[in-house]
Amino acid sequence: MKLGKRELERFRAHLQEGESSAATVEKYLRDVRQLAIFCGGELKSKGQLVAFKEDLQRRGYAPGSVNSMLAAVNRFLRFAGKSAWKLRFLKVQRRTFVGREKQLTQGDYEKLVHAAKAKGDLRLAMLLQTICATGIRVSETGAVTVESVRRGRAEIRSKGKIRVILLPRALCRELARYCEAQGIDSGPVFVTRSGRTLDRSNIWKMMKRLALRAKVSAKRVFPHNLRHLFARTYYKRTRDIVHLADILGHSS
């Protein structure tokens with residue numbers, strides 16, 4: 001079975017027809033490309049798949065990352081009519097907590113925002129504040145538009161669902177001032193110089209560089225940890241786990 005550009009484009013179309021999010025489509029394609037490189041562009045047996053799985057572990061990928069990539073590969077195998085070749089996931093004991101050494105604290109967050117403003121990167125400062133004030137995923141920041149800032153709420157479409165996120169008034173005021181200063185009068189607030197929406201990779205790299213400047217451990221600085229900080233803070237104040245799950249977009 002070939003794993004060339006043509007097959008990947010057909011897989012892309014299949015995912016898009018199934019209404020997978022843009023972020024999911026790109027991730028699945030990226031992971032299947034890794035398999036294609038490993039197999040030299042042609043998949044001949046399940047043995048190659050098992051070898052790929054073992055190679056990921058040898059290269060030091062965390063079990064969760066390996067399983068995430070296997071999910072993409074298995075989805076491709078179903079699409080290609082090779083369901084019998086599906087790979088088993090690694091068994092991972094579910095952690096009910098995150099170690100303190102990896103938790104982003106309120107103090108860390110404030111240092112990051114201050115450092116971003118000090119270096120004149122208002123876009124990054126506002127991005128940090130928006131994620132931490134709403135709990136949205138980094139892949140959902142494109143839903144924060146000038147129009148949503150004016151309304152005080154953003155509609156997020158993910159995995160076939162729509163949820164409404166309220167934007168705090170103070171945040172809306174800050175975002176409105178930022179948009180006016182940057183000349184952004186419509187569409188997404190967080191964009192590149194060319195006008196494209198910031199992606200996960202852009203944001204991750206910016207935050208890692210900022211961690212060094214803010215003198216915050218890089219282990220604690222990644223986009224999803226801002227979401228964790230929001231969740232911990234919200235739960236401490238409300239003790240409403242059901243509403244928190246709704247805000248975060250979790251089914252449970």
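Fair warning: this is a prediction, and the values are worked out from it, not measured in the lab. (Residues numbered from 1 in each chain as written. Predicted model: local features only at pLDDT ≥ 70, side-chain atom pairs only at ≥ 80, totals over all residues. Heavy atoms only, no water.)

Colleague: What exactly am I supposed to notice about the overall build of the chain here?
Modeller: Summing up its helical and strand segments, the chain has 11 helices and two strands in all. Listing each helix as α and each strand as β along the chain from the N terminus yields α-α-α-α-α-α-α-β-β-α-α-α-α. When the 252 residues of the chain are sorted by exposure, 40% land in the buried category. About 15200 Å² of surface is accessible on the chain, with carbon and sulfur atoms providing 50% of the total. (Helix = DSSP H or I, 4+ residues; strand = E, 2+ residues; numbered from the N terminus. Buried < 20%, exposed > 50% of the residue type's maximum accessible area, 1.4 Å probe, protein only. Areas by Shrake-Rupley, 256 points an atom, 1.4 Å probe, with all protein chains shown as cover.)

Colleague: Would you mind going over the packing of aromatic side chains with me for this structure?
Modeller: Each aromatic ring pair is characterised by the separation of its centres together with the angle its planes make. Overall, the coordinates contain four aromatic pairs when judged by the stated rule. Ring geometry for Phe11 versus Phe79: centroids 5.5 Å apart, planes at 40 degrees, classification tilted. Taken together, the residues Phe11 in helix α1 (residues 5-17) and Phe79 in helix α4 (residues 63-79) connect sequence positions 68 residues apart. The exposure class of Phe11 is buried, given its relative accessible area of 0%. Aromatic pair Phe38 and Phe52: ring centres 5.6 Å apart, planes at 55 degrees, arrangement tilted. Separated by 14 residues along the polypeptide, Phe38 in helix α2 (residues 22-38) and Phe52 in helix α3 (residues 46-58) bring together distant segments of the chain. When its relative accessible area of 34% is taken as the criterion, Phe38 is described as partly exposed. (Phe/Tyr/Trp six-rings, centres within 6.5 Å; stacked < 30°, edge-to-face > 60°.)

Colleague: Explanation requested: the side chain of Asn67 in the structure shown.
Modeller: Take Asn67: it is sitting in helix α4. Asn67 sits in the buried class, given a relative accessible area of 15%. Of the polar contacts made by the side chain of Asn67, one reaches the backbone nitrogen of Leu90; its length is 2.7 Å. Those residues within four positions of Asn67 in sequence are excluded, and the remaining contacts are Phe89, Leu90 and Val92. (Polar contact = N/O pair within 3.5 Å; in protein donor to acceptor, adjacent residues only side chain to side chain. Contact = heavy atoms within 4.5 Å.)

Colleague: How should I be thinking about the pattern of salt bridges in this particular structure?
Modeller: Pairing of side chains with opposite charge becomes possible as their charged atoms draw close. Under the criterion given, the structure shown has nine salt bridges. Arg12 is the partner of Glu26 in a salt bridge, and the nearest nitrogen-oxygen pair spans 2.7 Å. Remark: Arg12 occurs in helix α1 and Glu26 occurs in helix α2; sequence separation between them is 14 residues. Connected through shared salt-bridge partners, Glu9, Arg12 and Glu26 make up one network. (Salt bridge = Lys/Arg side-chain N within 4 Å of Asp/Glu carboxyl O.)

Colleague: Quick question: what am I supposed to make of α1 here?
Modeller: Helical geometry: 3.6 residues make up each α-helical turn, so side chains three or four residues apart lie on a common side. The end-to-end C-alpha distance of α1, which contains 13 residues, comes to 18 Å, matching closely the 18 Å that a straight helix rising 1.5 Å per residue would cover. When α1 is considered as a whole, its buried residues turn out to be Glu7, Leu8, Phe11, Arg12 and Leu15. With its buried residues spanning 145 degrees around the axis, α1 presents them on a single face. Seen from the open side of α1, the exposed residues pointing more than 90 degrees away from its buried face are Arg6 and Glu17. Next to the buried residues of α1 lie α2 and α4. Directly beyond the C-terminal end of α1, a positive phi value near 65 degrees is found at Glu19. (Expected span 1.5 Å × (residues − 1). Arc of directions from axis to C-beta.)

Colleague: When you look at the environment of Asp31 in this model, what are you seeing that I'm missing?
Modeller: Assignment of secondary structure puts Asp31 in helix α2. It is 8.8 Å that separates the C-alpha atoms of Asp31 and Ser68, two residues lying 37 residues apart in sequence. In this view, Asp31 contacts Phe52, Ser68, Met69 and Ala72; residues no more than four positions away in its chain are not counted.

Colleague: Would you mind showing me how to read the nonpolar core here?
Modeller: The tendency in soluble globular proteins is for nonpolar side chains to be buried as a group. If you look at the biggest cluster of nonpolar residues, it comprises 41 residues, and the most contacted ones within it are Leu112, Leu124, Leu128, Leu175, Val189, Phe190 and Leu226. Elements represented by at least two residues in this core include exactly α5 (106-118), α6 (122-134), α7 (146-151), α8 (169-182), α9 (200-214) and α10 (223-238). With seven residues, the single largest contributor to this core is α6. (Core = buried A, V, L, I, M, F, W, Y, C linked by side-chain atoms within 4.5 Å.)

Colleague: So what exactly am I meant to see when it comes to the environment of His224 here?
Modeller: Positionally, His224 belongs in helix α10. Taking the C-alpha atoms as reference points, His224 and Gly135, separated by 89 residues in sequence, lie 9.0 Å from one another.

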